[in-house]
Every structure is written in structure tokens, then in C-alpha cells.
Amino acid sequence: FYSLFSVSDFDYCQNEDMFLVSEPDDHGVITVTKKKTWIWEKFSEFGRFKSKAVLHHIKARCDNTGVVDGPIEFYYTDGTCLLSLLRHGGISGPALRYFKGELIWAGEVVEGVPQGVCVAREPEGGGLLVGKVDDNGEHTGDDITYIYPDMMTALTGRFDNCMMQQARLAKVSSLSFISSRIEVKVDLVESSSAVFSYNPSNYTSIGDDPHLRDPYEETLVEVRESEMEGGGEGIFATKDVEEGTVMCMFNGIKVDIISNIARNCVTEEE
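Residues numbered from 1 in each chain as written. Predicted model: local features only at pLDDT ≥ 70, side-chain atom pairs only at ≥ 80, totals over all residues. Heavy atoms only, no water.

Asks: Give me the overall build of the chain: which residues, what numbers.
Replies: What the chain contains, in helices and strands, is 2 helices and 16 strands. Out of the 270 residues in the chain, the part that is buried amounts to 34%. Considering only contacts in the chain between residues 6 or more positions apart, those separated by 24 or more positions represent 33%. (Helix = DSSP H or I, 4+ residues; strand = E, 2+ residues; numbered from the N terminus. Buried < 20%, exposed > 50% of the residue type's maximum accessible area, 1.4 Å probe, protein only. Contact = heavy atoms within 4.5 Å.)

Asks: Hey, could you go over the pattern of salt bridges for me, with residue numbers and the actual values?
Replies: Under the counting rule described, the total for this entry stands at 7 salt bridges. For Arg-121, the salt bridge goes to Glu-102, with nearest N and O atoms at 3.5 Å. With a gap of 19 residues between them, Arg-121 in strand E9 (residues 113–121) and Glu-102 in strand E8 (residues 102–110) connect regions that are remote in the sequence. Linking Asp-142 and Arg-158 is a salt bridge whose minimum nitrogen-to-oxygen distance equals 3.3 Å. Within this pair, whereas Asp-142 is found in strand E11 (residues 141–147), its partner Arg-158 is found in strand E12 (residues 153–160), the two being separated by 16 residues in sequence. The class for Arg-158 is partly exposed, based on a relative accessible area of 31%. (Salt bridge = Lys/Arg side-chain N within 4 Å of Asp/Glu carboxyl O.)

Asks: Run through a nonpolar patch on the surface, naming residues and quoting values.
Replies: Together, Tyr-203, Ile-206 and Ile-253 line one region of the surface with nonpolar side chains, adding up to about 270 Å² of accessible area. Position of Ile-206 among the secondary structure elements: in the loop between strand E14 (181–188) and strand E15 (221–225). Ile-206 gets classed as partly exposed once you look at its relative accessible area, which sits at 41%. (Patch = residues over 30% accessible without salt bridge, like charges linked within 9 Å, V, L, I, M, F, W, Y side chains within 5 Å. Areas by Shrake-Rupley, 256 points an atom, 1.4 Å probe, with all protein chains shown as cover.)

Asks: Could you give me a rundown of the packing of aromatic side chains, with the residues and numbers involved?
Replies: If you walk through the whole model with that rule in mind, you get 4 aromatic pairs. Between Phe-49 and Trp-105, the aromatic rings sit 5.3 Å apart at their centres with planes inclined by 50°, giving tilted as the arrangement. Of this pair, Phe-49 sits in the loop between strand E2 (29–34) and strand E3 (55–63) while Trp-105 sits in strand E8; the two residues are 56 residues apart in sequence, bridging distant segments of the chain. Looking at Arg-224, its charged tip hangs above the ring of Phe-236, at a distance of 4.0 Å from the centre. (Phe/Tyr/Trp six-rings, centres within 6.5 Å; stacked < 30°, edge-to-face > 60°. Lys NZ or Arg CZ within 6 Å of the ring centre and 35° of its normal.)

Asks: Which residues make up unusual backbone geometry, and what values do they have?
Replies: In this model, Lys-36 sits at a positive phi of 60°, which is unusual for a non-glycine residue. Of the residues examined, Lys-36 reaches a relative accessible area of 75% and is grouped as exposed. Of note in the backbone geometry, Glu-111 takes a positive phi value of approximately 50° without being a glycine. Exposure remark for Glu-111: the relative accessible area of 69% places this residue in the exposed category.

Structure follows, in C-alpha cells:
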């Protein structure tokens, strides 16, 4: 089992006490935990089926030779969990990745590499990234689609490792999950000529095209003068919405606190 933790035969022989192995439960499943690792829930890898964080523990069936083929669960130090199938020592079959109980990735994996159409979900906003992955299992190509939380509004086009390079407004006509096969169909909005790309704000700019409106936000909110005296401009809903609806994605000049403080310091002591 230690090979699943990227531990070599040599390292394991030098320290066989690095793992804590539980007794089998009623279904013959054991839990193997790598000692001196801790789970700190901090999701930061949107679009990936497998965490880059350290593997904390696994749950799988074992015999006297080690972990046997079948269902297996991987739990990582970033708080994510990967459910899949172990076949001949590698991950192959349908795979699901979760964070705090929310599905954040789904697709088919062959010998540890995602294949075909896979879907990634942003756990806070609820948007989906859907499309056929490349040979490295990344959402890279000219036919990748980002679907907003309303599951109707979309941006489709060129993505590179989950980053939007050039996409146009589209409407989702169908989205289906059949067994481990994922299918999505979108229709471009012909009246829209706007081109969208990943262009995050920084300390001095809110983006190259600050007047380009987000197509999802445009259906839900607008900016107008507040009715409160001295309130200035405010953001208002354009229609009634259900509680818990994502209204807009906050954007603005992003300031790194440490760097900003240091920028105003003159001496090393400050």
C-alpha cells in the first residue's frame, strides 16, 4: 500500500512505522494513515482530478499481499477526497473528487490519467468547466465550456489548463451524466460578438477591459443610484431570486497585504 503514498521500497524498509493501519471494518475495509500529516481544508486546485497535496490516508480492502483491486478512497491534506477504482495497482475507472462533501470533479480515468469529457466544479460559486481533456488530463482545447451557476449561461471556446484564453457567450441546450459518460451541448449566441478571456485584476488594474460586462451578472444585477441619502451608487437585483443564489462574482483591485505594507516602508526596521 505504501506505493500509493509515493513511498519507495527503500524508504519504507527504513521506516516501516511511518503508517498507522486500522483493523478491518465489517466490509473488510482498512484505513491506512501516514503519520505526521494533518488535514487542513484549503481548496486551491480547480479543474484537477487529483490533488497535489500530500496523501493523508486511504480506505480500501486488503489481503495479506496488500491493497486489492476494487473501490478505493484517497484523502488528502487539503481536505479533498478522491473516490475511484484500483486496478492492477493504478487508478482506472470512474472517478469523483469531493471537497467538504461537495462534488468538484467527475470523469473517467485510465491508468491514472483522465480521459474523454470531464467536468470540474467550483465549490463556492457552483460553476462548471466541461470538455474533453488533453493527453495530460487537463482541460485544454478549443471546445471547452464554462457553465455559470444558473446552468444555462455559458462561455465556450479556447482554454489552456483550465484558463480561459478566448471564449464567446453561449447557452446550454443540454447537459447529461450517463453512467461515467458526460455530455454537454451548447449553442453560441450569435448576437454577441464579445470575446472573454481570463484577465484577473492586480494592484493597479481591474483588467484590460473593465467595461466588458459579465453575461451572468447582467441577467441578475445592475448598478444605479442608491435611494439612501448620500449612498452614492449601489448594486441592485433586477428580478426576484431564491435565497442562496450567486448574484455576482466580486472583482476589484487585489492587494497583497504584506506587499502593500512593505511598499510604504522606508527602512528595514519598518
